[in-house]
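One letter stands for each residue in the lines below.
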Amino acid sequence: MTLNNSTTPTSLITIFGATGDLAKRKLYPSLYHLFRKGKISKRFAVVGVARREWSNEEFQEHVKTSVHKALGSDENIDEFVSHFYYQPNDVSNSDSYKALKNLSDELDETYELEGNRVFYLAMAPEFFGTITEQLKNQGLTDTKGFQRLVIEKPFGHDLPSAEKLNSQIRESFSEDQIYRIDHYLGKEMVQNIEVIRFSNAMFEPLWNNRYISNIQVTSSEELGVEDRGRYYEKSGALRDMVQNHLLQMVALLAMEPPIKLTTDEIRSEKVRVLRSLRPFQQDEVKDYFVRGQYGPGKAGNEALPGYREAENVDDQSNTETYVAGKLMIDNFRWAGVPFYIRTGKRMETKSTKIVIQFKDIPMNLYYNPDKPLAPNLLVIHIQPEEGITLHLNVKKSGQNIETTPVKLNFANNSVDGMNTPEAYEKLLFDCLRGDATNFTHWDEVKLSWAFVDKISEVWEHTRDGEFPNYEAGSMGPKAADNLLAKDGFSWWPIANLDVDQC
Ligand SMILES: NC(=O)C1=CN([C@@H]2O[C@H](COP(=O)(O)OP(=O)(O)OC[C@H]3O[C@@H](n4cnc5c(N)ncnc54)[C@H](OP(=O)(O)O)[C@@H]3O)[C@@H](O)[C@H]2O)C=CC1
Ligand SMILES: O=C1O[C@H](COP(=O)(O)O)[C@@H](O)[C@H](O)[C@H]1O
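Residues numbered from 1 in each chain as written. Chains lettered and ligands numbered in written order. Predicted model: local features only at pLDDT ≥ 70, side-chain atom pairs only at ≥ 80, totals over all residues. Heavy atoms only, no water.

Under the annotation held in an unreviewed UniProt entry, the protein chain carries the name Glucose-6-phosphate dehydrogenase and is attributed to Rossellomorea vietnamensis.

Written out as structure tokens, the structure reads:
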């Protein structure tokens, strides 16, 4: 299939959970952006589904407000919202799908949508099975165009629940109709990993265990659990961030060059990486993974409460809000190179960065016992700033043999015309065009859960007596430093790596 890069085909987009938070904060603003840029076909309609008894007009007002709040601008908003319709529907009531089918068929005709349908499930996962079953049984997927299903995270709670969910939705949709969202795959610089690696002659030859000593992936958040205690208590950082976003970034960093840039080829290279992750025995988990939970702390002068004080969180909670781990990828390219990952809530700063640390040169001609030669680093700044920094050594000005480290910077968002769109905007655009590359295939989800389950099985059955073990506003527990120190490494300090600091 040839993909159109400038605009989407005609389509009816049905959003289940249309009154919810995700739709309001992400989906409507993203669709509006696409509309304003002329990237969405003029022949489109959106049907919002949720239980509350809204009229079309109330729904359109809601969409307008959400766009305005998110973007602060609303040029042509009336024209945009005129494509929006609302269908009150309790998704667990099978009788209610008739009205949705009638409305969908009507819109199909009015807008000449050629039977193209995207069903976006922006609802709690417990409803996914019922909705997909009803869509099929009640003929909503029986159209002459394409039918696609967009599924939000979390995709299951562990491997058995993910398998169950997958078989439920596969009763109604084939794998190539399913678009499982991992919003990190929509981030500009995450998509750039592949390009940096495979379009630069200077990196690819060095991208292996002969030249790279270790890779560090950090995704830290300043925010705490906020009002998501109920969900987070069952999830924790391992399921919430590592199973999906962090393992996806590792797969992109470690995969072999695909033979072509097609969805199937890229995904199968990522799958191979996930298959090469070294598995642990239960008693080895502690050697590779560290967990943390934030206690009270400070951000500047502001006092921050601990995790256990948040709403819907147990006051003796054993849930981790921080994870650091060492992954080994047992294949020819990566044997012996640790991939360190860490993620946590209520850390010092909001930042996602990847640091690729190169090995020392074979012989140091500039040896100075008081000042070791700085290692070469390639830093990929995912967010909030976007770019790349290459850390090199040069001659210190005015000195004969003294070296000094310098940074070569590329700041993505300072390049004219390259203001990066929101991840959801890109992913919606891709899904509407039928490009599933930046969505996760079931094989990836399955392998990620299998890996993570080994860790959670141990953690769930052992209380961490030291919780809380890091202060809110800090960079996590001490044990995470020891994880690297055992191998002779340390975490690169996030703040000193900033793209705009040189
Ligand atoms: N919010 C976010 O930033 C993110 C959310 N997600 C995922 O997206 C999904 C949605 O999250 P979010 O928007 O935050 O959730 P919300 O709780 O804000 O929204 C849930 C939506 O589901 C509707 N709903 C609930 N029960 C029914 C029912 N029986 N029949 C029809 N509609 C129903 C609600 O509307 P009503 O009450 O009117 O029925 C509401 O529109 C979840 O899977 C979440 O994990 C993933 C990443 C980020
Ligand atoms: O999926 C999730 O991601 C967010 C972090 O996303 P980011 O784009 O802001 O880095 C995290 O806060 C949330 O707990 C998790 O569910």
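Among the 7 residues of strand β2 (residues 44-50), 7 are classified as buried, and the element is accordingly described as predominantly covered. On β2, burial covers both faces: F44, V46, G48 and A50 on one face and A45, V47 and V49 on the other are all buried. For the handedness criterion, the β-α-β arrangement of strand β1 (residues 11-16), helix α1 (residues 21-36) and β2 is classed as right-handed. Sheet analysis places β2 next to strand β3 (residues 84-88), joined by 5 bridges and oriented parallel. Bridged to A50 within β3 is P88. (Buried < 20%, exposed > 50% of the residue type's maximum accessible area, 1.4 Å probe, protein only. Helix = DSSP H or I, 4+ residues; strand = E, 2+ residues; numbered from the N terminus. Right-handed = clockwise from strand over helix to strand, strands pointing away. Pairing = 2+ DSSP bridges.)

A cluster of nonpolar residues, M363, L365, Y366 and I401, forms a patch on the protein surface that exposes about 480 Å² of accessible area. In this structure, M363 sits in the loop between β14 (351-358) and β15 (377-383). (Patch = residues over 30% accessible without salt bridge, like charges linked within 9 Å, V, L, I, M, F, W, Y side chains within 5 Å. Areas by Shrake-Rupley, 256 points an atom, 1.4 Å probe, with all protein chains shown as cover. Salt bridge = Lys/Arg side-chain N within 4 Å of Asp/Glu carboxyl O.)

For the rest of this paragraph, the subject is the site of ligand 1. The full set close to ligand 1 counts 22 residues, and T19, D21, R25, R51 and R52 are the nearest of them. R51 places a side-chain nitrogen or oxygen 2.8 Å from an oxygen atom of ligand 1. Within the contact set of ligand 1, a nitrogen atom lies 3.0 Å away from a backbone nitrogen or oxygen of V91. Relative to its unbound accessible surface of 900 Å², ligand 1 loses 76% to contact with the protein. In terms of residue count, α1 provides more of the shell around ligand 1 than any other element does, 3 residues in total. (Near = heavy atom within 4 Å. Polar contact = N/O pair within 3.5 Å; in protein donor to acceptor, adjacent residues only side chain to side chain.)

A few words on the packing of aromatic side chains. For any pair of aromatic rings, the description consists of the separation of the ring centres together with the inter-plane angle of the planes. In this structure the tally under the stated criterion is 26 aromatic pairs. Arranged with centres 6.0 Å apart and planes meeting at 65 degrees, the rings of Y232 and Y307 form a pair that is edge-to-face. On the criterion of sequence distance, the pair formed by Y232 in helix α8 (residues 229-254) and Y307 in the loop between β11 (302-304) and β12 (322-328) is long-range, its members being 75 residues apart. We note that Y232, like Y307, is buried. The interplanar angle of 50 degrees and the centroid separation of 5.4 Å between the aromatic rings of F280 and F451 together place this pair among those described as tilted. Here the residue F280 occupies a position in the loop between α9 (263-276) and α10 (285-288), and F451 occupies one in helix α12 (residues 442-461), the gap between them amounting to 171 residues. Neither F280 nor F451 differs from the other in exposure class; each is buried. The rings of Y28, Y32, F35, F44, W54, F59, F80, F84 and Y86 are connected pair by pair, giving a single aromatic cluster. Residue placement shows K39 over the ring face of F429; its charged tip is 4.4 Å from the ring centre. (Phe/Tyr/Trp six-rings, centres within 6.5 Å; stacked < 30°, edge-to-face > 60°. Lys NZ or Arg CZ within 6 Å of the ring centre and 35° of its normal.)

Right, let's talk about the nonpolar core for a bit. In terms of nonpolar packing, the biggest core is built from 103 residues, with F16, F289, F339, I354 and I356 touching the most fellow members. Here this core takes 13 residues from α8, the largest share from any one element. Of the residues that make up this core, three or more belong to each of domain 1 (11-152) and domain 2 (185-496). Those residues in contact with F339, other than ones at most four positions away along the chain, are I215, V250, L253, A254, G325, K326, L327, I329 and W334. (Core = buried A, V, L, I, M, F, W, Y, C linked by side-chain atoms within 4.5 Å. Domains from an automatic or database assignment. Contact = heavy atoms within 4.5 Å.)

Glancing now at the site of ligand 2. With respect to spatial proximity, the complete set of residues near ligand 2 consists of K153, H183, Y184, K187, E221, R228, D240, M241, H245, K345, K350 and Q383. Within the contact set of ligand 2, an oxygen atom lies 2.8 Å away from a side-chain nitrogen or oxygen of K153. Y184 is positioned with one of its side-chain polar atoms (N or O) 2.5 Å from an oxygen atom of ligand 2. Within the complex, the protein chains bury 81% of what would otherwise be the 390 Å² of accessible surface of ligand 2. The greatest single-element share of the shell around ligand 2, amounting to 3 residues, is contributed by α8. Residue composition of the shell around ligand 2, grouped by class: 2 nonpolar, 3 polar and 7 charged. (Nonpolar A, V, L, I, M, F, W, Y, C, P; charged D, E, K, R; others polar.)

What follows is about helix α2 (residues 56-71). With 16 residues, α2 extends 22 Å from end C-alpha to end C-alpha; this agrees with the ideal 22 Å at 1.5 Å per step. Regarding α2, the residues found buried are F59, Q60, H62, V63, S66 and V67. Down the axis of α2, the smallest arc covering the buried residues is 155 degrees, so these residues share one side. In α2, those exposed residues whose orientation departs by more than 90 degrees from the buried face are E57 and K69. Once α2 ends, the next one or two residues include G72, with phi positive near 70 degrees. (Expected span 1.5 Å × (residues − 1). Arc of directions from axis to C-beta.)

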